[in-house]
Each structure stands twice: as C-alpha cells, then as structure tokens.
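Reading the structure
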Amino acid sequence: MFSSFSRRHFAKLAGLAALGLTASPTEAAESKAKQGKDRHAPAPFPKDFVWGTATSSYQIEGAVKEDGRGPSIWDTFSHTPGKIGDGTNGDRANEHYHRYKEDVRLIKDLGVKAYRFSIAWPRVFPEGTGKPNPKGLDFYNRLLDELLANGIEPYATLYHWDLPQALQDKVGGWQSSETSKAFAEYSGYVAERLSDRVKYFFTLNEAGRFLNFGYGWGIDAPGLKLPTAELNQARHHTVLGHGLAVQAIRASARKGTKVGIAENIAACVPAFATPEHIRATEMATRELNAGFLGVILEGKYTDGFLAYSGKDAPKFTADELKIIGSKNDFVGLNIYAPQFYIAASDKKPGWSVLPFPASFPHMNSEWLRIGPEVIYWAPRLAAKVWNIENIFITENGTSSEDKLTADGKVNDLDRISFLRNYLLQLQRATAEGVPVRGYFLWSLMDNFEWIFGFEKRFGVYHVDFETQARVPKLSAAFYRDVVAKNAIGV
Ligand code: NOJ
C-alpha cells in the first residue's frame, strides 16, 4: 500500500519536474547559494593550503638499468613468475626517467604548486651502502630544476619500497638494523645534496604496508612470510630507520629543511558521531597504530601493544626509542579507505571494531571501500591523540575502470564522485581547524600499481603504456577546478 502510494507520487513529481512545473528545491538552493547563504558548505580551504599530486620512483621511472642504477627488491619480485597480476614489471613503466619534462608540464597544467615524488635508493647507492653513484642523483637534480623552473615545490620521499636488492641479500633487508643505518646514511647523503632545493623530506612511505605485506604475508617484495616475533623485530627496524634518518637529515641538510613520515595510518572512524563513539575511536586510533605511527610520535610502544605482542614483542633499547621518537616537523597520512569502524564498548579496552557487512560499497579496487568521512576523522583524531601540528594528506585517490572513448576522452565519473566526496570532508576538517596543510592526489598518471601491474589505473592522466601517450581524464579538469577555487564547488 505504502509503496504503491509513494511510487505514484514519485511518478507524478518526476513528471512535473520533467515539464519544469515544480518549484524545485534546486532553484531554492541555487538562489540561496547566490546570496552566499548556504550554511551547509564549509569555508574554503585555508589560503596557503598546498595542492599537489604524487607518484613514486619504481611505479613511473622505468630505465631500471640505466646510468648505474642497481637492482631493487621490486625488480626481483616483479620478475618472479606469478607475483604480478598481469605479468608485467616496472622495467619501462611510464618512462618518466626520460619523459620527466613532459610530466612536469602535466603537473603544471593541473594548476597545483606541489609535487610529491620518490627517490630511488638503488640509483643513488646501487649496493645500498658504500660507493654512491653520482649519475643516479643527477636525474633528481634535473627533475628538481625542471620543477622549480615551473613554479612547483618538490616534496621528496626517500623510501617508496624500492630497497636495494644488495641489502636484502646481504643482511635480510629490514630484518636487520644494518638496513636502518644504511637508510640513514643514504638519507643524509641525499639531504646534503638536494636540500638547497627540497624543503620537505618524507622518510618512509607506508611502513605499515611494505612491512606487513612484504615481510609478513609474502604478497609484496621481498615476498617473505616471517613468524610474528621476527616480523615485529623487522617493524622495529623500520621505525628505527625513520628515526635515524630524521637525525641524519637534520645533521646534513640546510637550515629550514622539514622532515616527517608518510604513513597509511590504520584509519579509524566512529560508527556514528556521539561523544562515546568518538572517545572510543580515539583510543582505538592510538592502539591500532602503536607499532608504527604511535611509537614514532610517542617514543614508546603502548602497554596494550606490548601486552598483546607478549613473547613476540620486539626487542629494543631506551636509546632506540629516543631515536625513533625524534621530533617530526609534520606527519603525512595516506588516506584511501576507512579501515576500522569503531564503537564504544562496556568491555575492556572500551572500544570494539565493527565487522564490515559484505554489502559495504567499494571502488574499482576491492580494498578501496568508500567512506569519505575517513579523511575527516583520521586527521582530526590523529591530531588530537598525538598533538600533531602539521598534517599533509600525502595520498588520496582511486582506481577506476578508465576507458578511452573514440574521440580520446576518459569520462571517469566515479573518480570525480569519489574525489568530490572525500575533498568535501577534508574541507570540513580544515574549516573546523584540523591542522591539515596540504593534499597530494594519488596519482598524477596511471602507473605500475605493484601486484596489480598496469591493470589498476589511479591517474588523473590516462597513460597508454604502448605509446606512452598521456591524456587528461575528466577528473584532471575537475581537480584543476577545485585547486583554482580552493574549495569544492557544492
Ligand atoms: C599507496 C602507495 O603508497 C602507492 O604506491 C599506491 O600506488 C597507492 N597506495 C594505491 O594503491
């Protein structure tokens, strides 16, 4: 009864609207917006908000054997049969090593003033340590000069997963603190030579991912499945590597150089926004990030983490904790999907993780669940829990099943919808004073998406990997509009 009633009404209203006969809510909203009285739109982003885009070395550079670059664990891994979904590798990728000038133009065309890229450690130290390879660093000298000549501020990541294979072979990669030390030496070496032009350095990118996936579950390079105690120890070596690198950068870079990390925070969202659920989500944020961000920002492992790890807890010294807790100038958060919805609980520890229903929506990548509010809550809660003053969203974006039309267009409406919703939530955050200083869209262009090869496309520029032609998708125009307005046009 009710449904037939509402269907009839709906049909009638739709008919009237089609004839243009309703006093539509749209008109009311438009006139309100014209008068600037839309109280639902948050204030624009802050005036000095940094708009950027991001990539990483192995995913775009190609030229893996040129100018003395040594092999990385991703070269080895991607050439191991069965590891990459579409059987590809990063040998050629986007040929960015040779096409970087064209790519800088693409960045400029978006209207953004910042670019986050990564430096390939095996280009600079082909063996991981020892003799540097000046030709490797030269590539980044060329890139930096091109960026600056085009008014684009470089944000350099020192480790985006391409560990020199030699370190994996000699000491077991992150299983050894020798790698933490080697990482610090390499970071200091680079900072000394590039900090005349790079003011912002990120140490590790997504330690939480590359460690668990690469050393715990065998999914990423180097493909190991370590027992828990060894995995926890390797994790400890990554955060130690971060702390040592922060110190090395501070010791060798020009004054004013800023340093921090880019982490895929275990992003917690309250089931819904009541004070109890929000408080529970703060506690969950702290505990679920204790092994990476937590120890870096607090200089200690939480009691909860140590109790939970029990006999498998990492071994560490007080000195190491001090190094790991070296002060960061900013924290980078890579935010894609809500990872945990949290509810308050009467039982200890006072919060619980809610299971995802099978029908929870996701984007073209199955892991990429859609929950725009995560980009509001994760920085807000992180800032509160760890008292962070400067946050960058170092990555956000989505893959999409992008198809070139016959007339050479990519109408990636799902990406636009995703970005619109996420950016509106981010705008809400900055309007409320959450200290987010900038946003880097992942990614500038389609690239080698790790175990998915070239099948998952994250770019706002479409890339034909045969011809290397780059074509702006509709989302590139959308993003340019957001950047120009410094706000989401609602
Ligand atoms: C995070 C990683 O840092 C980046 O390399 C990857 O391509 C994106 N997530 C998308 O999966």
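Just so it is clear, the model here is predicted, and its values are computed rather than measured. (Residues numbered from 1 in each chain as written. Predicted model: local features only at pLDDT ≥ 70, side-chain atom pairs only at ≥ 80, totals over all residues. Heavy atoms only, no water.)

Moving on: the packing of aromatic side chains. Counted under the stated rule, the structure contains 50 aromatic pairs. With a centroid separation of 6.3 Å and 90 degrees between ring planes, the pair formed by Y336 and F458 is classed as edge-to-face. Of this pair, Y336 sits in the loop between β7 (330-334) and β8 (340-344) while F458 sits in the loop between β11 (436-442) and β12 (461-463), and the two are 122 residues apart along the sequence. With respect to burial, Y336 and F458 carry one shared label: buried. When the ring of F448 is compared with that of W450, the centres are 6.5 Å apart and the planes differ by 70 degrees; the resulting orientation is edge-to-face. (Phe/Tyr/Trp six-rings, centres within 6.5 Å; stacked < 30°, edge-to-face > 60°. Helix = DSSP H or I, 4+ residues; strand = E, 2+ residues; numbered from the N terminus. Buried < 20%, exposed > 50% of the residue type's maximum accessible area, 1.4 Å probe, protein only.)

Moving on, we get to the side chain of E61. Within the fold, E61 resides in the loop between α3 (57-60) and α4 (73-78). Here Y140 takes part through its side chain, which lies 2.6 Å from a polar atom of the side chain of E61. If sequence neighbours within four positions are ignored, E61 has contacts with R92, A93, E95, H96, Y97, S118, A120, R123, F139 and Y140. (Polar contact = N/O pair within 3.5 Å; in protein donor to acceptor, adjacent residues only side chain to side chain. Contact = heavy atoms within 4.5 Å.)

This part takes up the environment of E230. Within the secondary structure, E230 sits in helix α11 (residues 228-252). Looking at E230, the relative accessible area reads 38%, which means it is partly exposed. In this structure the C-alpha to C-alpha distance between E230 and E455, which are 225 residues apart in sequence, comes to 33 Å.

Between its first and last C-alpha, helix α16 (residues 374-386) extends 18 Å over 13 residues, near the 18 Å set by a 1.5 Å rise per residue. N387 lies just past α16 and shows a positive phi near 60 degrees. (Expected span 1.5 Å × (residues − 1).)

Before going further, it helps to spend a moment on the site of the ligand. Residues in contact with the ligand amount to 13 residues; listed here are only the nearest, Q59, H160, N205, E395 and E449. The side chain of H160 places a nitrogen or oxygen atom 2.9 Å from an oxygen atom of the ligand. The side chain of W450 places a nitrogen or oxygen atom 2.9 Å from an oxygen atom of the ligand. Coverage of the ligand by the protein amounts to 98% of the 300 Å² it exposes when considered alone. (Near = heavy atom within 4 Å. Areas by Shrake-Rupley, 256 points an atom, 1.4 Å probe, with all protein chains shown as cover.)

In terms of burial, strand β2 (residues 114-118) is largely enclosed, as five of its five residues are buried. Judged by which residues are buried, β2 turns out to be covered on both faces: A114, R116 and S118 on one side and Y115 and F117 on the other are all buried. Where strand β1 (residues 50-54) and β2 come together, three bridges link them in parallel fashion. Within β2, the position partnered with G52 by the bridge is A114. (Pairing = 2+ DSSP bridges.)

With that out of the way, let us pick up the nonpolar core. The tendency in soluble globular proteins is for nonpolar side chains to be buried as a group. Ranked by internal contacts, the top residues of the largest apolar core, which has 142 residues, are W74 and Y439. Residues contacting W74, with those up to four places away along its chain left out, are Y58, I84, W161, D220, A221, F448, W450 and I451. In terms of nonpolar packing, the next biggest core, distinct from the first, is built from five residues, C268, A280, A284 and W351 among them. (Core = buried A, V, L, I, M, F, W, Y, C linked by side-chain atoms within 4.5 Å.)

Looking now at the confidence of the model for the protein. Confidence along the protein averages 94 in pLDDT terms, with 92% of residues attaining 70 or more. Confidence over residues 1-26 falls short of pLDDT 50; this stretch has five contacts with residues more than four positions distant or in other chains. (pLDDT = per-residue confidence, 0-100.)

Here we come to the sheet that holds β7. Strand order in this closed barrel of eight strands is β1-β2-β3-β4-β5-β7-β10-β11, and the pairing throughout is parallel. In this sheet, neighbouring strand axes are inclined to one another by 25 degrees on average, regardless of whether the strands run parallel or antiparallel. Pairing between strand β10 (residues 391-396) and β11: four bridges, direction parallel. By the bridge assignment, F392 is partnered in β11 with G438. Set on the sheet, helix α17 (residues 413-431) makes contact with β1, β10 and β11; between it and β11 the angle comes to about 170 degrees. (Axes fitted to C-alpha atoms, helices over the stretch in contact; angles between N-to-C directions.)

Further remarks concern the sheet that holds strand β9 (residues 351-354). Reading across from one edge, β6-β8-β9 is the order of the three strands in this open sheet, with mixed pairing throughout. At either margin of the open sheet sits one strand with a lone partner, and together these are β6 (268-270) and β9. Within the sheet, the average angular offset between the axes of one strand and its neighbour, ignoring direction, is 40 degrees. Of the pairings in the sheet, the one linking β6 to β8 comprises three bridges and is parallel in character. Residue pairing for β8: P270 is matched across the bridge by I342. Lying on the sheet, helix α12 (residues 275-288) is in contact with β6, β8 and β9; it crosses β8 at an angle near 125 degrees.

Moving on, we come to the pattern of salt bridges. Per the stated rule, a full pass over the model turns up 27 salt bridges. With a shortest N-O distance of 3.0 Å, R197 and D145 are connected by a salt bridge. Taken together, the residues span a long stretch of sequence, with R197 in the loop between α9 (177-194) and β4 (200-205) and D145 in helix α7 (residues 134-149) at a distance of 52 residues. Judged by its relative accessible area of 15%, R197 falls in the buried class. Residue D481 is joined to K485 by a salt bridge in which the shortest nitrogen-to-oxygen separation is 2.8 Å. (Salt bridge = Lys/Arg side-chain N within 4 Å of Asp/Glu carboxyl O.)

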